[in-house]
Structures are given as C-alpha cells and as structure tokens.
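# Residue-level structural notes
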Amino acid sequence: MTHHLGPVVKVSDKLREMLNNAIAREIQVSIQYMWQHIQVVGVKGVAVQGKFKETAITEMKHAEKIAERLWYLEGTPTTKPAPIEVGKSLKEFLELDVKAEVEAIEMYRAIIEMANKEGDVTTAFIFKEILEDEEEHHDLFTTMLEEV
Ligand SMILES: [Fe+2]
Ligand SMILES: [Fe+2]
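Residues numbered from 1 in each chain as written. Chains lettered and ligands numbered in written order. Predicted model: local features only at pLDDT ≥ 70, side-chain atom pairs only at ≥ 80, totals over all residues. Heavy atoms only, no water.

Assignment of secondary structure puts Val11 in the segment before α1 (13-39). Accessibility expressed as a relative area gives 11% for Val11, which makes it buried. Along the primary structure Val11 and Gly119 are separated by 108 residues, whereas in three dimensions their C-alpha atoms are 8.4 Å apart. With sequence-adjacent residues up to four places away left out, Val11 is seen in contact with Arg16, Leu73, Glu118 and Asp120. (Helix = DSSP H or I, 4+ residues; strand = E, 2+ residues; numbered from the N terminus. Buried < 20%, exposed > 50% of the residue type's maximum accessible area, 1.4 Å probe, protein only. Contact = heavy atoms within 4.5 Å.)

At this site the iron ion (ligand 1) is bound by Glu26 (OE), Glu26 (OE), Glu59 (OE), His62 (ND1) and Glu134 (OE), with donor distances of 2.0 to 2.3 Å. Ordering the donors of the iron ion (ligand 1) by residue number gives the pattern E-x32-E-x2-H-x71-E. A relative accessible area of 0% places Glu59 in the buried class. (Donors = N, O, S within 2.8 Å, 3.2 Å for Na, K, Ca; no water.)

Next up on the list: the nonpolar core. Within the largest apolar cluster, 25 residues are counted, with the highest numbers of intra-cluster contacts made by Leu15, Leu19, Ile66, Tyr108, Ile111 and Phe127. Elements supplying a minimum of two residues to this core: α1, α2 (42-72), α3 (90-117) and α4 (121-147). For this core, the leading source of residues is α3, giving 7 residues. Residues in contact with Leu19, not counting those within four places in the same chain, are Ile66, Arg69, Leu70, Leu73, Ile111, Thr123 and Phe127. Formed by 14 residues, the second largest nonpolar core is a distinct cluster that contains Val29, Tyr33, Val40 and Phe52. (Core = buried A, V, L, I, M, F, W, Y, C linked by side-chain atoms within 4.5 Å.)

Note on the iron ion (ligand 2): its protein donors are Glu59 (OE), Glu101 (OE), Glu101 (OE), Glu134 (OE) and His137 (ND1). The metal-donor distances range over 2.0 to 2.4 Å. As a motif over one chain, the donors of the iron ion (ligand 2) read E-x41-E-x32-E-x2-H.

So, on to the pattern of salt bridges. Applying the stated rule across the entire model yields 7 salt bridges. A salt bridge links Arg16 to Asp13; the nearest nitrogen and oxygen atoms lie 2.8 Å apart. Of this pair, Arg16 and Asp13 both sit in helix α1, 3 residues apart, which is roughly one turn of the helix. By relative accessible area, Asp13 is classed as exposed at 58%. Between Glu95 and Lys91 there is a salt bridge; the shortest N-O distance is 2.8 Å. Of this pair, Glu95 and Lys91 both sit in helix α3, 4 residues apart, roughly one helical turn. For Glu95, a relative accessible area of 37% corresponds to the partly exposed category. The exposure class assigned to Lys91 is partly exposed, which follows from its relative accessible area of 43%. Taken together, the salt bridges that share partners define one network made up of Arg25, Glu26 and Glu134. (Salt bridge = Lys/Arg side-chain N within 4 Å of Asp/Glu carboxyl O.)

Attention now moves to unusual backbone geometry. Positive phi values are uncommon outside glycine, yet Glu74 reaches one of about 65°. Relative to the elements of secondary structure, Glu74 occurs in the loop between α2 and α3. On the basis of relative accessibility, which here comes to 51%, the residue Glu74 falls in the exposed class.

Turning our attention to the packing of α1 against α4. When two helices pack together, their arrangement is given by the angle between the helix axes and by the axis-to-axis distance. With their axes 14 Å apart at the nearest point, α1 and α4 run at an angle of 30° to one another. The orientation of α1 with respect to α4, classified from their angle, is roughly parallel. Relative to α4, α1 is oriented so that their crossing is left-handed. Along the contact surface, α1 presents Leu19, Ala22, Arg25, Glu26 and Tyr33, while α4 presents Thr123, Phe127, Ile130, Glu134 and Phe141. Split by residue class, the contact of α1 with α4 holds 6 nonpolar, 1 polar and 3 charged. (Axes fitted to C-alpha atoms, helices over the stretch in contact; angles between N-to-C directions. Parallel < 35°, antiparallel > 145°, perpendicular 65-115°, else oblique. Left-handed = near helix turned anticlockwise from the far one by under 90°. Nonpolar A, V, L, I, M, F, W, Y, C, P; charged D, E, K, R; others polar.)

Nothing here speaks to function; it is geometry throughout.
Shown next, in the form of structure tokens:
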C-alpha cells in the first residue's frame, strides 16, 4: 500500500527560506536586465543590448527551476522581487549587474553547502548548475564593463 507522505527529502525552514530569497533575487535580475535591455542608449549600448535580454531570460528560467524545487519541498514560492536597481547609464547598469551576480554567487554557494549538510543532493545539484550560469554572467558583465 502506498501513501502520499510528501517529498522524499525533508529540509529545514532555513533552507526553504534561502530558496525563496534566491527566487526573489532571480525575479529581481530578470526584470532588472530586461529593463536595461529596453533602456539601453548609445552605440556601445546597442552593441550589447541583446546580451541583457538573453541574460534576463536565463534568470527567469532560474526562478522557475528554483520555484519548482521549493514547491516540491513543500514551500510556497514568493512573487516579490528583491529590490530592482536598473541604473541610468550603461556603465551604471553593468556595475549594478556585476554586484547582483556577486551576490548570487555567494548566496548559491551557501545554499549548496546547506543543502549538502541536510542531505538534499538534488537541490545542491540544481544550484551547482545555476551557479555555473551566474559565473558566466559575472564574467560577461565584468568583460562588458571593461569595454565601457
Ligand atoms: Fe540566475
Ligand atoms: Fe545571473
């Protein structure tokens, strides 16, 4: 006889809260980068405009992926973004974006560590994949910032 007993893995409220903070951050940057894509100005801006859009879409996919995992772990995904900072010039956009990616990298390393500690290897694995994307974004924005 089978019963529905919830997820195979039981995690702490703390880890669920960390996942929700990650979702808030992903929603934040997906809007932040998309609005930068729209508000970009100048020749240099136009050259990199597509990168903002592309990255914004990746961030929304991250939000979905994390929300799916949190839902499985019996948490309710937040709908509220972390504070969005678009900026006023291309240089400012990129400075804000580098900052956001550094925050993500630190946050996701902590989540991987916590998930491993709680035996939730799947969450750890999901965040390792996302972390790889964030490191790429950090590299992209840092490189773009050098050219501005
Ligand atoms: Fe992301
Ligand atoms: Fe990112």
